Amino acid sequence: MTNPLLPRWDTQFQIAPFDAISDDDFAPALEQALATHNAQIKAIAENAQAPTFANVIEALETPCRELDQVLSVFFTVAGADSNPAREALQRDFSPKLAAHFSAITANKALFARVAAVWDARENLDLSDEQQRVLMLTHRGFVRGGAALTGEADARMQEIKGRLATLGTDFTQNLLADERDWFMSLSESDLEGLPDFLIDAARAAGAEKGEDGPVVTLSRSIITPFLQFSPRRDLREVAFNAWAARGANGGETDNRDIAAEILQLRQERAKLLGYDSFADYKLETEMAKTPDAVRGLLMDVWGPAKTQAEADAEVLTKMMVADGINGDLQPWDWRYYADKRRKVEHDLDEAELKPYLQLDRMIEASFTCATRLFDLKFKPLDVALYHPDCRAWEVTRKGKHVAVFIGDYFARGSKRSGAWCSAMRSQAKFPEIQAPVVINVCNFAKGEPALLSWDDARTLFHEFGHALHQMLSNVSYESISGTSVARDFVELPSQLYEHWLEVPEVLAEFATHADTGAAMPQEMLDKVLGAANFDMGFQTVEYVASALVDLAFHEGAAPADVMAKQETVLSEIGMPQAITMRHASPHFAHVFSGDGYSSGYYSYMWSEVMDADAFAAFEEAGGAFDSERAKALEDNILSTGGSQDAGELYVAFRGRLPGVEALLKGRGLAAE
Ligand SMILES: [Zn+2]
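The structure presented is a predicted model; accordingly, all values stated were derived computationally and were not measured.

Rules and cut-offs
- Going along each chain's sequence as written, the residues are numbered from 1 onward.
- Selection of residues for local features in this predicted model requires a pLDDT of at least 70, selection of side-chain atom pairs for listing and counting requires 80 or more, and totals for whole chains, interfaces and linings are taken over all residues.
- The basis for the side-chain values is all heavy atoms of the structure; hydrogens and waters are excluded.
- To qualify as a helix, a DSSP run of H or I must reach at least 4 residues; to qualify as a strand, a run of E must reach at least 2; elements of each kind are numbered from the N terminus.
- Values of the radius of gyration come from C-alpha atoms, whereas the globule rule sets the reference at 2.2 Å times the count of residues to the power 0.38.
- Working rule for contacts: check all heavy atoms of both residues, and any pair within 4.5 Å makes them a contact.
- Exposure was quantified through the Shrake-Rupley algorithm and a 1.4 Å probe, taking into account, for residues, occlusion by the shown protein chains and nothing else.
- Stacked, edge-to-face and tilted labels apply to pairs of Phe, Tyr and Trp rings (six-membered ring for Trp) whose centres lie within 6.5 Å, assigned for plane angles under 30 degrees, over 60, and everything in between, in that order.
- Burial classes follow relative accessibility: with a 1.4 Å probe on protein chains only, a residue under 20% of its type's maximum area counts as buried, one over 50% as exposed, and anything between as partly exposed.
- Any Lys NZ or Arg CZ that is within 6 Å of a ring centre and within 35 degrees of that ring's normal is treated as a charge sitting over the ring.
- Our arc is simply the arc of the directions from the helix axis toward the C-beta atoms.
- Between the N-to-C directions of two axes lies an angle of 0 to 180 degrees, each axis being a line fitted to C-alpha atoms and, for a helix, fitted only over the stretch in contact.
- An angle counts as roughly parallel when it lies under 35 degrees, as roughly antiparallel when it exceeds 145, as roughly perpendicular when it falls between 65 and 115, and as oblique in every other case.
- Left-handed describes a crossing whose near helix is turned anticlockwise from the far helix through less than a right angle; right-handed describes the clockwise counterpart.
- Residues are grouped as follows: Ala, Val, Leu, Ile, Met, Phe, Trp, Tyr, Cys and Pro are nonpolar; Asp, Glu, Lys and Arg are charged; all remaining types, including Gly, are polar.
- Pairing between strands requires that DSSP locate at least two bridges from one strand to the other.

> Describe the overall build of the protein chain, with residues and values.
The number of helices and strands found in the protein chain is 27 helices and seven strands. A globule of 671 residues ought to have a C-alpha radius of gyration of about 26 Å, and the protein chain, at 26 Å, matches this closely. Referenced to the eigenvectors of the C-alpha coordinate spread, the extents of the protein chain come out at roughly 85 × 65 × 55 Å. Look at the contacts in the protein chain between residues 6 or more apart in sequence, and 74% of them connect residues 24 or more apart. A total of about 29100 Å² of accessible surface is found on the protein chain, and carbon and sulfur atoms cover 50% of it.

> For the packing of aromatic side chains, give the residues involved together with the corresponding values.
Throughout the structure, instances matching the rule amount to 36 aromatic pairs. Where Trp499 meets Phe614, the ring centres are 5.1 Å apart and the plane angle is 90°; that geometry is what we call edge-to-face. With Trp499 in helix α18 (residues 491-500) and Phe614 in helix α24 (residues 602-620), the pair connects residues that are 115 residues apart, well separated along the chain. Exposure remark for Phe614: the relative accessible area of 8% places this residue in the buried category. Linked through ring pairs, Phe366, Phe377, Trp392, Phe404, Phe460, Phe463, Tyr496, Trp499, Phe614 and Phe617 together constitute an aromatic cluster. Across from the ring centre of Trp419, 3.9 Å away, lies the NZ or CZ of Arg415, which sits over that ring.

> Talk me through helix α20 (residues 521-531); I want residue IDs and the actual numbers.
Met523, Leu524 and Val527 are the residues of α20 that are buried. On an axial view of α20, the arc spanned by its buried residues comes to 100°, and they lie on one face. In α20, the exposed residues that point more than 90 degrees away from the buried face are Gln521 and Glu522. Next to the buried residues of α20 lie α15 (349-352), α17 (453-470) and α19 (503-509).

> An account of the packing of helix α3 (residues 65-80) against helix α4 (residues 84-105) is requested, with residue identities and associated values reported.
Relative orientation and spacing of two packed helices are given, respectively, by the angle between their axes and the distance between those axes. Put simply, α3 and α4 touch, their axes get as near as 11 Å, and they point 140° apart. The angle between α3 and α4 falls in the class oblique. Crossing hand, α3 versus α4: left-handed. Where α3 abuts α4, its residues Leu67, Leu71, Phe74, Phe75, Val77 and Ala78 lie against Arg86, Leu89, Gln90, Phe93, Leu97, His100 and Phe101. Residues of the contact of α3 with α4, tallied by class, amount to 10 nonpolar, two polar and one charged.

> With reference to specific residues and values, describe the sheet that holds strand β6 (residues 419-424).
Strand order in the open sheet made by the five strands is β3-β4-β5-β7-β6, with mixed pairing throughout. Two strands in the sheet have a free side with no partner beyond their single neighbour: β3 (376-380) and β6. Between one strand axis and the next, the sheet turns by 30° as a mean value, whatever way the strands run. Relative to strand β4 (residues 390-396), β3 runs antiparallel, the two being bridged by five bridges. Residue pairing for β4: Pro379 is matched across the bridge by Trp392.

Put into structure tokens, the structure is as follows:
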């Protein structure tokens, strides 16, 4: 019998034949697919003909159908519907796939052919998109170290290996510090804590073998403890333990590890010909330079700090009213902010939920796409990997656009969070390939299923990513859909969240599950007000972390990370009652791996853009302005990575994004 993962699927819309695939099929199919792909790469690298765009770059762009099919099915079920067999397969596949793809980048014969096409680019008469794909392919090899030879090459391999080890050590030390610390509470220490927290503290105590409840550094305990405990002395002890993670001396101390990581990153960037690691890292981003990142962060810093200082005064008065004199401290902020929130934004989640029915919210997300982009959604009857999954055919003017799959409910076999992925990406080379896109969420089941406000935002967010995949209209798969710069990829998703807040959308779709009544305006105002609460604090702790991250990777690496952190914070005048969101010894985004190193800013960069982009609709006459919708599709949703992100944004907006809309949205704009 043939392995159902390998032959071309002749199913409706070429959707994977899930009901024919068993877990035993994955391992042999992957072996076969990797062999096929290796043969494909070998043929390109060892081709006797002179290198051309067609026989090198387009040959690399030609999908390995077998590998694409195996990986798309495997990663879908491994993430959304795992089991012990699939977990074991994943442990086996991860290093195999990493080795497979890094061997391609390290293939010197292949790189020589890519470089030859790159050197001849002026004379090749390529389209803009082809030039872009050539540039990205060449750059990817160079950045991976393919152009290095001899000693430099050997040193690069050494650095990569050492960095991988240090990243793992950093993570494990952090986990050890979080796991080992706890503080016992007496029964009287529990006064003022909500029931869910008392239960969690008792359960944690039992787990540690203690007689009574304990506070641990698990986020689900420490954060509410700092928020709810009226005992200032206990909050101080707990906060200091939380802040000291990774900096406790001894075997789990991360400070020297962080310094070595920064040094090696800097050396790696130099070997590749960059002035600094930040220059290397930002080259592929929309921001491009450290100065652009700092400019944006500092534009936000001033107003955020002003707001935080004003908030600190209010909170200090509340503290004085409690009979405590002296300065507001970091262990006081969350406690008094929560007291203030209860007074100013009394929002009852239980009252809100009946207005947010899952099915109505799905309808809302579809209807917005119909009004903006003329997309139609028709339920599709097809066997998928789990009975909870639903599918729709997406069409425009009667023509097939994509298949959209929604897998909305939480279950034990699904990893946490929410995500969007393309089981097949849009492409036109070497043949038309219509996308199959899936949104996976973790909403609670119910009759009917009801969402929280955050859930509803998540639904719109992931659907924004799905639109980026489904409306993609490029030739080559490597630049299709969401294959864009990291600081650009959240623009379509975060932008789409804004349509959830459009009053006419809520009036139509946020209707009460029992009465059918629309959500009252007063409730909506509370929801939106609560979303902006304490933004001065949140923005300050975030921007401070982003600025420290950037400073670490610019110029020579600091020998003492704590001293460098201190310098940056004192230069910007960090308010004394607020600390960095992630201090260096536990800044996992930056030190556990390379993902967000000198890239922590990108969350805010995207938020600046989504606020600024939605303002373009408002300025043009409303959320459903058809000209703006067309400009959004033409310049951002259909273009993938076919052009520089900054150029795409300017084509949509007429200028680069400004921070005004974000400041207004966060309630930080000057009155
Ligand atoms: Zn996202």
